[in-house]
Protein chains: 2
Amino acid sequence: MVKLGPVFSLATVSPSTGDGETTDNGEAIINLDHGDPTMYEKYWQRMGDKTTVVISGWQFTSYFSDPKNLCWFLEPELAEEVVRLHRVVGNAITKDYHIVVGTGSSQLFQAALYALSSDASEPMSVVSAAPYYSSYPVITDCLKSGLYKWEGDAQAFDKSGPYIELVTSPNNPDGFVRQSVVNRSGGILVHDLAYYWPQYTPITTPADHDLMLFTVSKTTGHAGMRIGWALVKDEIIARKIVKYIELSTIGVSKDSQLRAAKVLRAVSDSCGVAHPFKEETFFGFSHHSMESRWMLLREAVNRSGIFSLPEFTPGFCNFWNRVFEPLPAFAWLKCGDGIEDCESFLRGHKIWTRSGRYFGVSPSYVRISMLDRDRTFNLFVKRLSRIRSQRRMRLEHVD
Amino acid sequence: MVKLGPVFSLATVSPSTGDGETTDNGEAIINLDHGDPTMYEKYWQRMGDKTTVVISGWQFTSYFSDPKNLCWFLEPELAEEVVRLHRVVGNAITKDYHIVVGTGSSQLFQAALYALSSDASEPMSVVSAAPYYSSYPVITDCLKSGLYKWEGDAQAFDKSGPYIELVTSPNNPDGFVRQSVVNRSGGILVHDLAYYWPQYTPITTPADHDLMLFTVSKTTGHAGMRIGWALVKDEIIARKIVKYIELSTIGVSKDSQLRAAKVLRAVSDSCGVAHPFKEETFFGFSHHSMESRWMLLREAVNRSGIFSLPEFTPGFCNFWNRVFEPLPAFAWLKCGDGIEDCESFLRGHKIWTRSGRYFGVSPSYVRISMLDRDRTFNLFVKRLSRIRSQRRMRLEHVD
């Protein structure tokens with residue numbers, strides 16, 4: 001049987017609300033295992049009715065959105081707003097690309113595997129450089145497909161024959177900007193650009209890869225909509241991606257597509273009416289939030305003496321028109337001081353994170369979501385600081 | 001490579017709007033290939049604002065709906081309305097069942113295959129009595145899974161070992177009430193009850209099978225929502241179905257779940273406030289529409305001398321408290337008169353249908369949607385009548 005790592009493992013794990021869960025000793029569990037983007041709720045609350053949608057009972061009795069479009073289940077409004085937002089932000093080329101909507105980018109990732117491997121005579125190898133997104137191996141192998149097969153770390157990949165390399169940039173879990181590493185003939189690249197937005201990383205160039213994946217969840221924070229999109233250069237591949245989504249779910253919720261269109265429009269609009277760096281713009285709010293969170297986290301980590309975080313090279317961002325240091329959606333924390341299993345160590349302190357072993361590397365690492373609500377994040381930083389203090393106190397006591 | 005039959009084949013095929021598509025000679029193409037349930041639009045338009053939903057911009061930034069529920073992505077409101085509607089209609093037991101929401105019932109079908117086969121040592125056989133739903137073989141085999149494998153017509157199934165039998169009742173395409181046919185040890189049944197609603201068929205008993213699938217698309221006509229649900233007796237199976245939907249799409253659109261809840265509530269409410277047989281109730285409207293459509297179609301077919309339709313035994317319906325004859329969502333039309341390929345024959349008359357060969361039987365059959373808008377349906381019946389007239393005229397001319 002296929003080993004299912006904790007993609008979500010939600011049957012037994014509750015997300016942190018920051019005010020609900022408590023353990024035996026009355027200390028709240030801080031669950032930062034998932035990348036639940038509830039940080040964004042506050043911004044949308046401030047926007048009031050601007051992005052409220054009203055859907056009448058008679059709407060959407062058809063499977064079809066735009067029968068003449070290659071992607072017949074794509075709402076034209078959403079397609080327009082995707083194109084506009086990429087133009088406003090400058091993070092991807094859309095001209096001469098086919099847009100395919102998916103039920104989140106997870107579904108589009110599976111659709112891409114299908115599209116790229118359906119003509120292969122034997123299972124295509126699927127690889128990604130470690131640390132790679134923990135869902136990739138699980139999703140790739142869960143049905144034991146004869147079309148494709150997870151082959152692990154791209155850096156160690158030495159099989160011949162065609163392969164699919166997944167390039168997540170900025171990378172989940174560690175936040176680094178990435179390029180393909182195998183670079184052999186017969187390789188096909190899928191670029192997961194879920195985090196290539198100006199709240200997280202400098203926008204250096206409009207991406208123009210053959211197959212690029214994006215998701216509303218990480219762009220605007222609306223994970224509950226389950227809306228992602230692919231930008232696809234080749235028409236035949238685009239048609240196969242569409243076919244997979246037809247087979248898998250006969251299209252994508254039109255209600256959510258309508259809402260996603262409205263939310264993306266508000267993001268583009270907000271960039272137009274105010275200086276983008278102001279808090280009333282979506283990216284202004286998000287970028288400020290990420291800067292302040294990373295500052296707080298780095299302070300706590302620097303004081304700790306136990307933990308360390310990746311160090312990023314600052315880059316010039318065409319969107320902000322200034323240099324800044326990446327502010328990833330996840331913190332990739334390393335435990336030192338001889339602690340081998342960082343996940344268990346933090347769990348002892350009621351902080352739930354995801355172990356490095358699910359990302360193909362050492363369990364001395366954990367991935368921590370940076371996108372939870374303020375209250376949860378502040379509780380987390382405070383608790384992390386306390387861990388250090390307790391150690392220091394113990395050491396002082398021994399002295 | 002897996003042969004992909006026309007599940008939708010939408011890249012090249014446009015749905016009929018009844019007022020758009022025309023062919024070279026100015027005659028409209030009538031596309032009844034898909035089961036697009038646009039017939040229901042009229043009812044929901046009449047209901048005005050009753051089922052309008054308003055969703056604020058800040059809603060649904062989380063992946064989670066109900067973290068403590070086995071199905072953590074199920075909106076509690078939808079769960080309540082599913083239970084209530086089954087109680088009002090009397091078509092399924094929900095007590096002691098787990099409810100799992102899916103992106104349409106197609107996704108739940110795939111989730112069921114995964115859940116039932118993930119522990120098997122070799123690929124499980126998947127069978128269904130012909131004529132079976134045309135998507136079953138395509139979906140089952142599209143990824144060449146090592147967990148399960150399409151083995152075709154259940155009536156011809158003679159392999160040993162565990163198997164999954166799909167029982168669609170009433171059946172798509174032919175509308176007959178069905179039971180399992182293999183009945184061997186090691187068999188697991190999946191009941192697709194998408195059409196077990198009182199507009200289509202007598203409700204004779206509350207169904208209580210181990211695993212039952214339903215979909216909003218065929219219940220209320222909201223295909224664009226992509227919402228289905230499974231009622232699952234066994235907790236371990238339910239957890240695996242949830243796991244698959246987590247892997248496949250990390251849950252299901254919350255916007256559509258909210259809308260589905262509102263629409264199901266309106267259906268239940270309408271049954272409470274008026275005599276159910278009145279047109280202002282949802283099932284009253286739908287049942288009347290189906291009766292009138294089937295009467296018109298049978299008239300046209302009886303006059304034709306070319307075509308025939310299934311004959312159904314009337315049954316007592318506990319919901320309507322009267323006897324009636326099934327009124328399926330699809331017409332399963334047979335061409336006589338030596339016409340071997342009914343799909344091609346009708347295509348010559350600009351009527352697009354789906355050939356029997358996709359359902360595992362002879363191409364002398366076609367499946368025709370009965371759920372399109374009035375205008376399209378009326379055009380179809382008129383055109384079908386004209387085919388007869390032309391033949392008669394030719395015969396008379398020869399005489």
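Within any chain, residue numbers begin from 1 and follow the written order of that chain's sequence. Chains carry letters and ligands carry numbers; both start at the beginning, A for chains and 1 for ligands, and go up in the order they are written. Whole-chain, interface and lining totals are the exception, using all residues; otherwise, since this is a predicted model, local features are given only for residues with pLDDT of at least 70 and side-chain atom pairs are given and counted only at 80 or more. Working from all heavy atoms in the structure, the side-chain values ignore hydrogens and water.

## Overview of the overall build of chain A
Summing up its helical and strand segments, chain A has ten helices and 16 strands in all. Summary of the burial criterion: residues with accessible area below 20% of their type's maximum are buried, those above 50% are exposed, and those between are partly exposed, where the area comes from a 1.4 Å probe applied to protein chains only. For chain A, the residues scored as buried account for 64% of the 399 residues in total. In chain A, the proportion of contacts linking residues at least 24 apart, taken out of those at least 6 apart, comes to 72%. Per-residue and other accessible areas were derived by the Shrake-Rupley procedure at a 1.4 Å probe size, with only the shown protein chains allowed to occlude residues. Accessible surface for chain A amounts to roughly 14,500 Å². Of this, 50% is attributable to carbon and sulfur atoms. Strands are runs of DSSP state E lasting at least 2 residues, helices are runs of H or I lasting at least 4, and numbering of each runs from the N terminus. Contact definition: two residues touch when any of their heavy atoms are within 4.5 Å.

## Some remarks on the sheet that holds strand β3 (residues 98–102) of chain B
Residues and elements named next belong to chain B. Only strands that DSSP links by at least two bridges are regarded as paired with each other. An order of β3-β9-β8-β7-β6-β4-β5 is seen for the seven strands of this open sheet, with the pairing classed as mixed. Two strands in the sheet have a free side with no partner beyond their single neighbour: β3 and β5 (148–153). Taken over all neighbouring pairs, the strand axes of this sheet differ in orientation by 25 degrees on average, direction set aside. By the bridge criterion, five bridges tie strand β4 (residues 124–128) to β5 in an arrangement that is parallel. Throughout, an axis means a line fitted to C-alpha atoms (over the contacting stretch in the case of helices), and angles, computed between N-to-C directions, take values from 0 to 180 degrees.

## Here we look at the relation of the copies chain A and chain B
Alignment of copies: least-squares fit on C-alpha atoms of residues with pLDDT of at least 70 in both copies. When chain A is fitted to chain B, the residual RMSD is 0.0 Å, and the transformation amounts to a turn of 180 degrees plus an axial shift of 0.0 Å. Such a combination of turn and shift is consistent with a two-fold rotation axis. A share of 100% of the interface residues of chain A reappears at the interface of chain B, consistent with the copies meeting face to face through the same patch.

## Quick notes on the interface of chain A and chain B
If you look at the interface, chain A gives 77 residues, while chain B gives 77 residues. As used here, buried area is the combined drop in accessible area, with a 1.4 Å probe, of two parts when they are placed together. The largest per-residue losses of area from chain A upon contact with chain B belong to A:T61, A:Y63 and A:L143, which jointly make up 11% of the total buried on that side. For this analysis, a salt bridge means a side-chain nitrogen from Lys or Arg found within 4 Å of a carboxyl oxygen belonging to Asp or Glu. At the surface where chain A touches chain B, the tally comes to two salt bridges. Note that B:R259 and A:D255 form a salt bridge whose closest N and O atoms lie 2.7 Å from each other.

## Points about the packing of aromatic side chains
The aromatic pairing rule takes the rings of Phe, Tyr and Trp, using the six-membered ring of Trp, and pairs them if the centres are within 6.5 Å, calling planes under 30 degrees apart stacked, those over 60 edge-to-face and the rest tilted. Going through the model one piece at a time under the given rule, you end up with 54 aromatic pairs over all chains. Aromatic side chains A:F282 and A:F283 sit 5.3 Å apart centroid to centroid with 70 degrees between the ring planes, which places their arrangement in the edge-to-face category. Given the relative accessible area of 0%, A:F283 is considered buried. Seen in terms of ring centroids, B:W332 and B:F359 are 5.4 Å apart; in terms of plane orientation they differ by 75 degrees. Their pairing is edge-to-face. Of this pair, B:W332 sits in strand β13 (residues 330–335) while B:F359 is found in the loop between β15 (354–355) and β16 (365–369), placing the two residues 27 residues apart along the sequence. Overall, the relative accessible area of 0% leaves B:F359 in the buried class. Just above the ring of A:W352 sits the side chain of A:R347; from NZ or CZ to the centre is 4.3 Å. Whether a charge lies above a ring is judged from NZ of Lys or CZ of Arg, which has to be within 6 Å of the ring centre and within 35 degrees of the ring normal. Residue placement shows B:R367 over the ring face of B:F330; its charged tip is 3.7 Å from the ring centre.

## Let's talk about the packing of helix α3 (residues 104–117) of chain A against helix α6 (residues 235–249) of chain B
The contact between α3(A) and α6(B) brings their axes to 6 Å, and the two run at 80 degrees. Put simply, α3(A) runs roughly perpendicular to α6(B). Contacts between α3(A) and α6(B) pair A:S106, A:Q107 and A:Q110 from the former with B:L247, B:S248 and B:T249 from the latter. Lys, Arg, Asp and Glu make up the charged group, whereas Ala, Val, Leu, Ile, Met, Phe, Trp, Tyr, Cys and Pro make up the nonpolar group; the residues left over, Gly among them, are polar. The class makeup of the residues in the contact of α3(A) with α6(B) is one nonpolar, five polar and no charged. Should an angle fall under 35 degrees it is taken as roughly parallel, and over 145 as roughly antiparallel, whereas 65 to 115 is taken as roughly perpendicular and any remaining angle as oblique.

## Details of helix α2 (residues 76–89) of chain A
Residues and elements named next belong to chain A. Helix length check: α2, at 14 residues, gives a terminal C-alpha distance of 20 Å against a target of 20 Å (1.5 Å per residue), a fit within 8%. Within α2, the full set of buried residues consists of L78, A79, E81, V82, L85, H86 and V89. Along α2, the residues classed as buried sweep out an arc of 170 degrees about the axis, all on the same side. More than 90 degrees from the buried face of α2, the exposed residues found are E80 and R87. Positive phi shows up at G90, right after α2, with a value of about 75 degrees. Here the expected span of a helix is defined as 1.5 Å times the quantity of residues minus one. Here the arc refers to the directions that run from the helix axis out to each C-beta atom.

## Section: α6(B)
All names here are of chain B. Between the first and last C-alpha of α6 there are 21 Å, a value that for 15 residues agrees with the 21 Å anticipated at 1.5 Å per step. Most of α6 is tucked away, with twelve of its 15 residues classed as buried. All buried positions along α6 are accounted for by I237, A238, K240, I241, V242, K243, Y244, I245, E246, L247, S248 and T249. The N-terminus of α6 is capped by D234, whose side-chain oxygen sits 3.0 Å from the backbone nitrogen of I236. I250 occupies a position one or two residues after α6 and carries a positive phi of about 45 degrees. Polar contact is the term for a pair of N or O atoms within 3.5 Å; when the atoms are in protein, one must be able to donate a hydrogen and the other to accept it, and sequence-neighboring residues count only if both atoms are side-chain atoms.

## Some details on the pairing of strand β7 (residues 187–192) of chain A
Every other side chain in a regular strand lies on the same face of the sheet, so the side chains alternate between the two faces. All names here are of chain A. With six bridges joining them, strand β6 (residues 163–168) and β7 adopt parallel strand pairing. Within β7, the residue paired with I164 across the bridge is I188. Relative to strand β8 (residues 211–215), β7 runs parallel, the two being bridged by two bridges. The residue bridging H191 from the neighbouring strand is M212, located in β8.

## Thoughts on the sheet that holds β15(B)
Residue and element names in this part refer to chain B. One open sheet holds the four strands; their spatial order is β10-β13-β16-β15, and the pairing between them is antiparallel. At either end of the open sheet lies a strand with only one pairing partner, and these are β10 (307–308) and β15. By the bridge criterion, five bridges tie β13 to β16 in an arrangement that is antiparallel. Within β16, the residue paired with W332 across the bridge is R367. Strands β10 and β13 of the sheet are contacted by helix α8 (residues 282–304), whose axis makes an angle of about 0 degrees with β13.

## Regarding the pattern of salt bridges
Applying the stated criterion across every chain, the model contains 40 salt bridges over all chains. A:D33 is paired through a salt bridge with A:R354; the nearest N and O atoms lie 2.7 Å apart. Placement of A:D33 in the loop between β1 (30–31) and α1 (41–46) and of A:R354 in strand β15 (residues 354–355) is noted, with a sequence separation of 321 residues between them. Residue classification places A:D33 among the buried residues on the basis of a relative accessible area of 7%. Since its relative accessible area comes to 2%, A:R354 is described here as buried. The partner of B:K42 in a salt bridge is B:D374, and the shortest N-O contact between them spans 2.5 Å.

## Brief notes about the side chain of A:Q59
Looking at the element boundaries, A:Q59 is found in the loop between β2 (53–55) and α2. A polar side-chain atom of A:Q59 sits 2.9 Å from the main-chain amide nitrogen of A:S56. Non-local contacts of A:Q59, meaning those with residues more than four positions away in its chain, are made with A:V54, B:H222 and B:R259.

## Description of the side chain of A:T215
Here A:T215 shows up in strand β8. When sequence neighbours within four positions are dropped, the list of residues in contact with A:T215 reads A:S105, A:A194, A:I227, A:G228 and A:W229.

## Description of the environment of A:F330
All names here are of chain A. Looking at the element boundaries, F330 is found in strand β13 (residues 330–335). A relative accessible area of 5% means that F330 is categorised as buried. Between the alpha carbons of F330 and V366 there is a distance of 9.7 Å; along the sequence they are 36 residues apart.

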